[in-house]
Amino acid sequence: MYSLVRTSHPATGVEHSIYASFFDIDEKNLIVAGANILKVYSMVPENLAKRESNPRLKLECVGEWKLHGWVQSIASVRLIGAIRDSILLTFKDAKLSLVEYCPESHDLVTLSLHHFEDVAVKEGFLQNEHIPLVRVDPENRCAAMLAYGKKVIILPFKRDITTATGEGGASEGDISLEGLRIGGSSKVYPSYTIDLAQVIPTDHTVDNIIDIQFLHGYNQPTLLLLYEPLPTYPGRIAVRKDTCRLDVISLDVKEKMAAFIWSRELLPFDCVKAVPVPMPTGGTLVFAVNSLFYLNQGIPCYGVSLNATGDKGVTTDIFIRPLEGVKLSLDCAVADFLSPDQLVISLKGGELYVLTLLVDAMRSVKGFHLDKAAASVLTTCVTLAGKGYLFLGSRLGNSLLLKYTSREAGQIGGRRDKEPPSKRKRLDETGDWLDAESEELEVYGSTPETVHHKISAFTFEVCDSLLNIGPCGYVSMGEPAFLSEEFSSNSPDPDIELVSTAGFGKNGALCVLQKTVRPQVVTTFELPGCQDMWTVYGPKSGQSGNMEHAYLLLSRKESSMVLQTGQEINELDSSGFRTGESTVYAGNLGGLSYIVQVVPRHVLLLKDSELVQTLPVDLGGPIVYVSSADPHLSLMSDCGLAGVVTLKDGKLQLTKSKIGDVPGRAKSPFLACCMYKDQSGLLDLEVKSIKKERSGGGRVKAAPKKPKDLDEEDELLYGSSEAQVGMFSDDVSGIPETNDFQENEESWRKYFEPVRESYWFLAVRENGNFELYSVPDFTMRFVTLNFPYTPHVLVDNMSTRAPAQADVPRGLENLPEITEIRLIGLGNSGRRPILMARLSDNELVLYEMYEYQSPTLAPEQLKIRFRKLSHGLILRDRKSRSKKDDRSAAIHRNSLRYFRDIAGYEGVFITGPYPHWMFLTSRGELRLHPMSVDGSVSTFAPFHNVNCPQGFLYFNRSSELRICVLPAHLSYDAPWPVRKVPLRCSPHHITFHIESKTFAVVTSVSEPSNKIYRFNGDDKELSIEDRNDRFLYPYLDKFSLQLFSPVSWEAIPGTRVQLDDWEYVTCMKHLCLSSEGMHSGQRGFIVLGTNFNYGEDITSRGHIKIYDVIEVVPEPGQPLTKNKIKTVYDKEQKGPVTAISAVSGFLVTTVGQKIYIWQFKDKELHGIAFIDSNIYIHQIHALKNFLLVGDVYQSINVLQYQQDYRTLSVISRDTNPMEVYAAEFIIDNGHLGFVATDAQRNLCIFVYSPESKESMGGQRLIRKADIHIGQHINCMWRVRAKLTDPSSSQRMLPANEKKHVTWYATLDGSLGYLLPVSEKVYRRLLMLNNVLTNNLQHTAGLNPKGYRTIRSLQRDLRNPNRGIVDGDLVFHFSDLPATEKAEFARKIGTTAPEIMDDLAELDRNAAHF
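Residues numbered from 1 in each chain as written. Predicted model: local features only at pLDDT ≥ 70, side-chain atom pairs only at ≥ 80, totals over all residues. Heavy atoms only, no water.

*Asks:* With reference to specific residues and values, describe the packing of aromatic side chains.
*Replies:* Per the counting criterion, the structure on display carries 47 aromatic pairs. On the numbers, 5.1 Å between centres and 50° between planes, the contact of tyrosine 302 with phenylalanine 368 is tilted. A residue pair is termed long-range when its members are at least 10 positions apart, and tyrosine 302 in strand β21 (residues 299-305) and phenylalanine 368 in strand β26 (residues 365-375) qualify at 66 residues. The class for phenylalanine 368 is buried, based on a relative accessible area of 0%. Joined through ring pairs, the aromatic side chains of Phe899, Tyr905, Phe909, Trp917, Phe919, Phe940, Phe952, Tyr954 and Tyr972 make up one cluster. Looking at lysine 607, its charged tip hangs above the ring of tyrosine 594, at a distance of 5.2 Å from the centre. (Phe/Tyr/Trp six-rings, centres within 6.5 Å; stacked < 30°, edge-to-face > 60°. Helix = DSSP H or I, 4+ residues; strand = E, 2+ residues; numbered from the N terminus. Buried < 20%, exposed > 50% of the residue type's maximum accessible area, 1.4 Å probe, protein only. Lys NZ or Arg CZ within 6 Å of the ring centre and 35° of its normal.)

Written out as structure tokens, the structure is:
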């Protein structure tokens, strides 16, 4: 069994975020990472038209990278002399990459790689579940990485300019990877490991490190270690408490020395993290689950308990005060400082608290004040994103960007009688305690007035959110509710949509996912023979303000047709339009006041439908290609000459007919050309140079200001954050944190700078030059050679002379030529120009224009480059059809159709055999959605009308003109069109009931409970535990079943089934059972398996519940109430019911450790067969009479039910231990495989092969293939491979009839599929896989082969089998330049078109949903 695994929807959860200067020192960006995706966002004002002084900012994605590894932690560092920050990324098990943005290629480059996975460092451990953390010294002198929970590795950075530029660099002996740096000398010294046993004077080993952090305000880098030398756990608290310990060491990175400074030996056992406090206070906070501490050198420890469990004598013996009026737990909390004495904490329930440190005149913390500010998303990371903004990253819900404002909320402390009694009650009793310490205050000479602490109250508002569809627990396939009847044809491939459960608790939701766009058809006309069409506005549509289209022009081979579009669509008989010949182009010029119609040898100007002017144009042949940028039109004839026509004072004139010609030298003819109106400011020469000067001047000025509160003694003792600045150049990063905000906080102001509009003509010539001319002076400003090779970056070759005609490299002789080119400003007010080129084999190439400043550029050169965008679309025709269909080549029509407003979106529609929508909104991410539901689309036009608001028109392959709108209930600015339905409770299971077309969803709500069941010798009894007010009660989940209608996604009234308290739903499926006595044949029921969780002392019992969805007469005014849930069966079983399925119409359940087969008869279940099983079965899948059974510890078994003998028997099993997460079948014609995913994020395929020796005569399943996915897979489902090609309703391979695609969904919010492939294709793709692994430069130096190798907890005697092609890597081939494609194809003995045809076929086999 050979197969290919490919991600179809990228991961959307966010786990890490930092705020750093990614592109340039002048601007800071938000960098987020989740699973294997790294994204960079800019903060952009929401409304660029309103120039506010304090606008709301939102996030715009400006960069995205997919990595071959999942990011474990992330940090930023400013290396010496750098003009941007570098990013440190760590990966499993202990890899560290230092990467940086490179303006030459608009990509990430790797500066250094560090890898600590040799046997000596691992000390014999095979697998280590500790997360490799990376931390950076606040002064950027070094970074520290924690590996395996016990090793601390230091990565020093060069801090003096002489060594950084290469004089006296690394020693001769350092030939490791760390010394290497691409394109320049290293700024990083070799890394080394600290021997903690030598440094820390204790009698125990330093192990189980919980957290490491660098402290602020020390002269040398100073590292804090929070660890637990002798671990304990809650059940052992009675004998061993306070096991955590905190040590602080000082590092001398040059001499590789470390010295012990101070420590705190007793801390509670449940410490979770340390948060260093910035200067001027210094020191650190330590978060424990039930308490909070502040520690600093030479100051007594100050700690408070946050609930009754954390009080002295319960879980700790440390002297600790209760923080009155506060009842919370810091388990899973994340925090970041808003100011030097205030930090925001997000708890595991999503509550946001602001903690204020009450600091006295001696700069020691004398109290905490906690204030609940808001309730928000369940957070995994929190980052201060500039002044006044906070980013909350989440993998359980949508990540949020919050704007916060503070106001004074009074004072606290001082003499008690000054305070109002209500304030005293609400806040903690710091007042009492501060009075008790008055002797100390007298000694140090502080007056009581200084003890007043100002308290700020914060308000938060949401400015922006990033959609997250994860974690996908269960996925159900269903029928789309809104499918126009035109599309519900008799195609053998059904239309399916996916509905997944997402989120947890109050972030729980259902996500409705459709990969393809399914338009809502308003009406259809049959108009045979039409080749192209355009919609134009009349002058009235501009005046009335509703911007409705007035005319629709249709072009045929020899004639044209004009339709007037109002309330009705009628043909216009007498008008100034020319209908006797075919139209090449129609559009609006001069705002909306004029209409222009281009016929093969004339350009007509019309006002409304009256002819104003006819301009004959002679370009050596008929005009075939027109593009407009008001008031200019570019025309190109079939012999490759181009001209530009301009509308001036109500008249058209030919401004230029021979573009770029030099007298006496024949120029290569044009292949494609277009006009572009620039609104991005990137093509403006004058603005650029001003900006450069300004930023250059700004950098010199950014000298650090001294913070006022540092007194001199302190500077002498600990040094201050700017003590070192004098040694370095002025843009070094010794600048203290406090100054970071003034430095580039207002970077969003640059978006308000006025942009000068300019006009450009761009073209591709036959000799491969891509040229950019400014209009109206037609001087060439940018030229790049060999454009048809589609290189990664288009570089300006203006300064270099074009070489003489060199030999064409091998394999590039008959490249497809460029047939069309467009440059379109998309994104926020047209600030993201996208260059699109269409090739003669229908493929599409996309480039993004970006700003490139370099001292090597001459002043008159444009400061831009183009970077190729990887989009993964394969639009080529099938081999068999491209030979037959040669006649269509004669028709020249624009296949890239720009639209300004369809359902509120701006973008480009790509016509052709495989039509796609391309959106790039102000969110900044490129979205490409296929529209395969109506086959190939020959031409397209936007259409706004009374009866079709913000709609569009297109011709399908049957020459039908469809007038459509985009369904509004989906959001298209997502990787797949999606609708997120909030539930505000945790969804657990979902299934589609086919007969009633409704979804059944199991959800739970958590409520605190003070009840507990105890075992009293013969039975259980309920006892109610009453604790004091500050006790945090445990949560009890209450489950319920609810029907949802897929039409409105509302819960159907009256269909909620509430389960008992303590009853947990373990499984739910829609099963077809044959129930004798009720009706004949099989029909669908919703079956639930439950368990009563009373605790470990009481035997588990569960129920099997069978429900039927029946139709009743709906209540008046409530059409959804036509469905009701009827309980057919609900009885207690002898054990917990953990998995269910159906085989041959019988019900299969696991009850405890037995698998039973039941017959459903007369509303009762009668046992037929049973078998003893493993430890805890949670997956059963049926196929014919085979059962695939997944166990939590003991891998998978395959069972067979023999109906004639009514027996259930084991056929084969996998004998190696494996923690199964999900299981499913994989079907490839006559071959059957068993797929299982496990806790180590692997996916394995097993086969039953009784002939092979190692299967012991078929008793053992053989692991045939394996791959590491890098994300947990909880759910898999099967769909038959596509039978028809989407562009023509022809059948694909007959082999697909019995080939199934196994789809999966991950807990990070990504979707992917496993597709069986033939051995020939597998061998070819495997060779390609290996060639790409070795020859491509991978981001952050990660090796795809290492990433995809199976991981296991035990030493496995079996070798990795691989056997599965990494589709993500192989499909990257389609985005490579033609030179690399040809070279890699030659290395494996084939050609690039053959590989592309293979990939196209695989892509279309799994083009579902």
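Next comes the rest of the write-up.
*Asks:* Explain a nonpolar patch on the surface residue by residue, including any values.
*Replies:* On the surface, Ile1175, Tyr1176 and Tyr1193 cluster together to form a nonpolar patch covering roughly 300 Å² of accessible area. Inspection of the secondary structure assignment puts isoleucine 1175 in the loop between β77 (1164-1172) and β78 (1177-1183). (Patch = residues over 30% accessible without salt bridge, like charges linked within 9 Å, V, L, I, M, F, W, Y side chains within 5 Å. Areas by Shrake-Rupley, 256 points an atom, 1.4 Å probe, with all protein chains shown as cover. Salt bridge = Lys/Arg side-chain N within 4 Å of Asp/Glu carboxyl O.)

*Asks:* Which residues make up the pairing of strand β33 (residues 509-513), and what values do they have?
*Replies:* For β33, the tally of buried residues reaches five of five residues, placing the bulk of the element in the interior. Residue alternation in β33 divides its side chains into two sets, Ala509, Cys511 and Leu513 and Leu510 and Val512, and both sets are buried. Pairing geometry for strand β32 (residues 497-502) and β33, over five bridges, is antiparallel. The partner of valine 499 across the bridge, within β33, is valine 512. What sits between β32 and β33 in their antiparallel hairpin is a turn of six residues, with glycine 503 showing a positive phi close to 80°. When β33 meets strand β63 (residues 978-982), the two strands line up antiparallel, connected through five bridges. Opposite cysteine 511, over in β63, you have lysine 980 as the bridge partner. (Pairing = 2+ DSSP bridges.)

*Asks:* Report on empty space enclosed by the protein, specifying residues and quantitative values.
*Replies:* Applying the stated criterion across every chain yields a total of five cavities of 30 Å³ or more. In this structure, the largest cavity encloses a volume near 240 Å³. In this structure, the largest cavity is lined by 18 residues; those nearest its centre are Thr12, Lys39, Tyr41, Leu467 and Glu925. Going through the elements one at a time, β3 (27-34) and β4 (37-45) are the ones with two or more residues in the lining of the largest cavity. Here the lining of the largest cavity is composed, by residue class, of ten nonpolar, three polar and five charged. (1 Å grid on protein atoms, 1.4 Å probe; cavity = no way out; pocket = protein on both sides within 12 Å on 5 of 7 lines; lining within 4 Å. Points joined across faces, edges and corners; volume = space filled by probe spheres on them. Nonpolar A, V, L, I, M, F, W, Y, C, P; charged D, E, K, R; others polar.)

*Asks:* I'd like a description of the pattern of salt bridges, backed by residues and values.
*Replies:* Scanning the entire structure with this criterion turns up 54 salt bridges. Here aspartate 311 makes a salt bridge to arginine 1030, at a shortest N to O gap of 3.1 Å. Here the residue aspartate 311 occupies a position in the loop between β21 and β22 (321-322), and arginine 1030 occupies one in the loop between β67 (1020-1024) and β68 (1035-1044), the gap between them amounting to 719 residues. Accessibility assignment for this pair places aspartate 311 and arginine 1030 in one class, buried. In this structure, aspartate 1061 engages lysine 1038 in a salt bridge whose closest nitrogen and oxygen atoms are separated by 3.9 Å. Of this pair, aspartate 1061 sits in the loop between β69 (1057-1058) and β70 (1063-1074) while lysine 1038 sits in strand β68, and the two are 23 residues apart along the sequence. Residue classification places aspartate 1061 among the partly exposed positions, given a relative accessible area of 35%. Residue classification places lysine 1038 among the partly exposed residues on the basis of a relative accessible area of 24%. The network of salt bridges with common partners includes Lys39, Glu925, Arg927 and Asp973.

*Asks:* Before we move on, could you go through the packing of helix α12 (residues 1319-1335) against helix α16 (residues 1392-1405) and cite the residues and values that matter?
*Replies:* Where α12 contacts α16, the axes come no closer than 11 Å and their chain directions differ by 115°. Of the two possible hands of crossing, α12 and α16 adopt the one that is left-handed. Only Glu1394, Ile1395, Asp1398, Leu1399 and Leu1402 of α16 make contact with α12, whose side of the interface consists of Val1321, Arg1324, Leu1325 and Leu1328. Looking at the contact of α12 with α16 residue by residue, the class counts come to six nonpolar, no polar and three charged. (Axes fitted to C-alpha atoms, helices over the stretch in contact; angles between N-to-C directions. Left-handed = near helix turned anticlockwise from the far one by under 90°. Contact = heavy atoms within 4.5 Å.)

*Asks:* So what's going on with the pairing of strand β52 (residues 818-826)? Residues and values would help.
*Replies:* The element β52 is extensively covered by neighbouring structure, given that eight of its nine residues are classed as buried. Judged from the eight bridges that link them, β52 and strand β53 (residues 832-839) form a sheet pairing that is antiparallel. Bridge assignment links isoleucine 821 to a residue of β53, and that residue is alanine 837. Count of turn residues in the β52/β53 antiparallel hairpin: five residues, of which glycine 827 carries a positive phi of about 75°.

*Asks:* Lay out the nonpolar core in plain terms, naming residues and giving numbers.
*Replies:* In this structure, Trp1277, Trp1303, Leu1325 and Phe1373 are the most contacted members of the largest nonpolar core, which totals 48 residues. The contacts of phenylalanine 1373, once residues within four sequence positions are left out, are Leu1328, Leu1332, Lys1381, Phe1384, Ala1392, Ile1395, Met1396 and Leu1399. Grouped together as the second largest cluster of nonpolar side chains are 31 residues, Val536, Leu553, Leu604 and Leu635 included. (Core = buried A, V, L, I, M, F, W, Y, C linked by side-chain atoms within 4.5 Å.)

*Asks:* Explain the sheet that holds strand β84 (residues 1242-1247) residue by residue, including any values.
*Replies:* Across the sheet, which stays open at both edges, the four strands sit in the order β82-β83-β84-β85 with antiparallel pairing between neighbours. Looking at strand neighbours, the two that pair on one side only are β82 (1220-1228) and β85 (1262-1268), the edges of this open sheet. Taking each pair of neighbouring strands and ignoring which way they run, the sheet shows an average axis angle of 20°. Relative to β85, β84 is paired through six bridges, and the arrangement is antiparallel. Bridge pairing in β85 places phenylalanine 1246 opposite arginine 1263.

*Asks:* Provide a residue-level description of the environment of phenylalanine 1170, including the pertinent values.
*Replies:* Here phenylalanine 1170 lies in strand β77. Residue phenylalanine 1170 is classed as partly exposed on the basis of its relative accessible area of 47%. Linking phenylalanine 1170 and isoleucine 1155, residues 15 residues apart in sequence, is a C-alpha distance of 5.4 Å. The residues contacting phenylalanine 1170, other than those within four sequence positions of it, are Lys1154, Ile1155 and Tyr1156.

*Asks:* Could you give an account of the sheet that holds strand β57 (residues 905-910), with specific residues and numbers?
*Replies:* Strand order in the open sheet formed by four strands is β56-β57-β58-β59, and the pairing between neighbours is antiparallel. Two strands bound the open sheet, and with one partner strand each, they are β56 (896-902) and β59 (926-930). Taken pair by pair, the neighbouring strands of this sheet meet at an average axis angle of 25°, ignoring direction. Sheet analysis places β57 next to strand β58 (residues 916-920), joined by four bridges and oriented antiparallel.

*Asks:* Pulling in residues and values, what's your account of the side chain of aspartate 1266?
*Replies:* With respect to the secondary-structure elements, aspartate 1266 resides in strand β85. Classification of aspartate 1266 by relative accessible area gives buried; the value is 3%. A distance of 3.0 Å separates the side chain of aspartate 1266 from the backbone nitrogen of asparagine 1361, its partner in a polar contact. (Polar contact = N/O pair within 3.5 Å; in protein donor to acceptor, adjacent residues only side chain to side chain.)

*Asks:* Go over unusual backbone geometry, please, and point to the residues and values.
*Replies:* Trans peptide bonds make up most of the peptide bonds, and negative phi angles are found at most residues other than glycine. A cis amide bond, omega -10°, links lysine 92 with the succeeding residue aspartate 93. If you trace the backbone, aspartate 93 turns up in the loop between β7 (86-91) and β8 (95-102). Note that the residue after glycine 470, namely proline 471, is joined by a cis bond; omega there is -15°. Residue placement: proline 471 occurs in the loop between β30 (453-466) and β31 (475-478). A positive phi angle, near 50°, is found at asparagine 1229, a position not held by glycine. In this structure, asparagine 1229 sits in the loop between β82 and β83 (1231-1238).

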